[in-house]
Amino acid sequence: ARLGLKGAFGFGGEGTSELDGFGGELEDDLEPTLGFALFGHLPLHRYFHIGLQTTFAWTINETAENFGEDRTFVLDISPVLKGRVPLLDDKLELYLLVPIGISIVVPGEDAYVSVGEVDTGIGWNAGVQLGVSYRFYEGLAALFEIGWQGRGASNDTQINAELQTGMNQFALNFGLSYAF
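Owing to the predicted nature of the structure, the values given are computational and were not obtained by experimental measurement.

1. Some remarks on the side chain of Gln 169
Part 1: Within the fold, Gln 169 resides in strand 11 (residues 162-179).
Part 2: A polar contact of 2.5 Å, which involves the side chain of Gln 169, links it to the side chain of Thr 33.
Part 3: Once residues within four sequence positions are removed from consideration, Gln 169 is found in contact with Gly 10, Phe 11, Gly 12, Gly 13, Leu 30, Glu 31, Pro 32, Thr 33, Gly 147, Trp 148 and Gln 149.

2. Some thoughts on the pairing of strand 11
Part 1: Pairing analysis gives 16 bridges linking strand 1 (residues 2-19) to strand 11, with the strands arranged antiparallel. Bridge pairing links Phe 11 to Phe 170 in strand 11.
Part 2: Looking at chain direction, strand 10 (residues 140-156) and strand 11 are connected through 17 bridges and run antiparallel. Bridge pairing links Ala 141 to Ser 177 in strand 11.
Part 3: Linkage of strand 10 to strand 11, two consecutive antiparallel strands, is achieved through a turn of 5 residues, within which Asn 160 is found at a positive phi near 65°.

The rules behind these values
- Residues numbered from 1 in each chain as written.
- Predicted model: local features only at pLDDT ≥ 70, side-chain atom pairs only at ≥ 80, totals over all residues.
- Heavy atoms only, no water.
- Helix = DSSP H or I, 4+ residues; strand = E, 2+ residues; numbered from the N terminus.
- Polar contact = N/O pair within 3.5 Å; in protein donor to acceptor, adjacent residues only side chain to side chain.
- Contact = heavy atoms within 4.5 Å.
- Pairing = 2+ DSSP bridges.

Next comes the structure, spelled out in structure tokens:
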């Protein structure tokens, strides 16, 4: 078994939003997403692991940041599939990580669209990351991952209209893990 902690960051990309019954979809550039993730993996086979990842992230689009709004909090709970290639007597590991799960999206305190306050919403998340980890001391390993992270959610508003949002960003993660 392996447990770990990693910084989870999103760069570039774009966010979309659409309010049901109120016109078309809006797009905006996303500012960097800041967060961290706790994870655990269990080996099913030398080359295949399964696990669970919980990510805590704070995100905002360019327009909201320009207006001084608070960041939106996102909690991702994701089962993870991991294909791996162990090298150097299992000290070095190259892998492909695929988290797919649910997201809870909590708008910032001042999140307000033209139709009133926006409630906490629920949605999905999915990603693909290529990673490398190196075990440098007994079971302790450093890791680095790059890839893509996407999210979508549905939030109710004060006038009972549903707000659909989506985010796509380049993902950059780094951290530590420990194998038992």
